[in-house]
Amino acid sequence: PKSPIIALLALALLATPALAKSHGTILSNGSSAAKIAATPADKIPALCNDVIANQNKSKQAMADAAHLYFFGEMMGQRCAKVDYVKALTLMKASGHAAEYSELVHVLRQRASSGNSLAVAAVARLKL
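In this report, the structure presented in the accompanying data block is examined. (Residues numbered from 1 in each chain as written. Predicted model: local features only at pLDDT ≥ 70, side-chain atom pairs only at ≥ 80, totals over all residues. Heavy atoms only, no water.)

## A word on the packing of helix α4 (residues 44-53) against helix α5 (residues 59-71)
Then, in step 1: Where α4 meets α5, the axes come as close as 8 Å, and the angle between the chain directions of the two elements is 120 degrees. When the interaxial angle is binned, α4 and α5 end up oblique. Judged by the sense of rotation from one axis to the other, the crossing of α4 with α5 is left-handed. On the side of α4, the interface is formed by Cys48, Val51 and Ile52, while α5 contributes Asp64, Ala65, Leu68 and Tyr69.
Then, in step 2: Class assignment of the residues belonging to the contact of α4 with α5 gives a composition of six nonpolar, no polar and one charged. (Axes fitted to C-alpha atoms, helices over the stretch in contact; angles between N-to-C directions. Helix = DSSP H or I, 4+ residues; strand = E, 2+ residues; numbered from the N terminus. Parallel < 35°, antiparallel > 145°, perpendicular 65-115°, else oblique. Left-handed = near helix turned anticlockwise from the far one by under 90°. Contact = heavy atoms within 4.5 Å. Nonpolar A, V, L, I, M, F, W, Y, C, P; charged D, E, K, R; others polar.)

This is how it looks when you write it as structure tokens:
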């Protein structure tokens, strides 16, 4: 990566909180995180649209879209409507089991703190 700060920001966006604590991660040039890190701020909305449009093209695309639906933002810019059900459905389909488990954990925490969208998603997903 061109800058350790950009790499850390990209990891914070795409990686689950548990994975974001990893200190030795190196982004490959072809990774989604590397692409996001290299994207100028004014191009983030278009990149968000691409992630949503391509969400079913590969297992990694599913995971990328899942993160976007779960958090609703990329590089600090709101660019997608939060949809926990869609996020968890995509993450499960992506085969990224550890990330799926982490998102379930975060969703349950949000639901227990009274987040109505999270409460509804937990009920709908029967978690």
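## Notes on the nonpolar core
Then, in step 1: Counting 28 residues, the largest nonpolar core has Leu68, Phe70, Met74, Tyr84, Leu90 and Leu107 as its most contacted members.
Then, in step 2: Contributing elements (two or more residues each) for this core: α4, α5, α6 (84-94), α7 (97-112) and α8 (116-125).
Then, in step 3: Among the elements that line this core, the one with the most residues is α5, at seven residues.
Then, in step 4: Each residue touching Leu68, except ones within four places of it in the same chain, is listed here: Cys48, Val51, Ile52, Glu73, Met74, Cys79 and Ala80. (Core = buried A, V, L, I, M, F, W, Y, C linked by side-chain atoms within 4.5 Å. Buried < 20%, exposed > 50% of the residue type's maximum accessible area, 1.4 Å probe, protein only.)

## A few points about the environment of Ala63
Then, in step 1: By the element assignment, Ala63 lies in helix α5.
Then, in step 2: Separated by 33 residues in the primary sequence, Ala63 and His96 have C-alpha atoms spaced 7.2 Å apart.
Then, in step 3: Aside from chain neighbours lying at most four places away, what touches Ala63 is Met91, Ser94 and His96.

## Considerations on α7
Then, in step 1: Between its first and last C-alpha, α7 extends 22 Å over 16 residues, near the 22 Å set by a 1.5 Å rise per residue.
Then, in step 2: Those residues of α7 that fall on the buried side of the exposure criterion are Glu99, Glu102, Leu103, Val104, Val106, Leu107 and Ala111.
Then, in step 3: Looking at the residues trailing α7, positive phi occurs at Gly114, about 100 degrees. (Expected span 1.5 Å × (residues − 1).)

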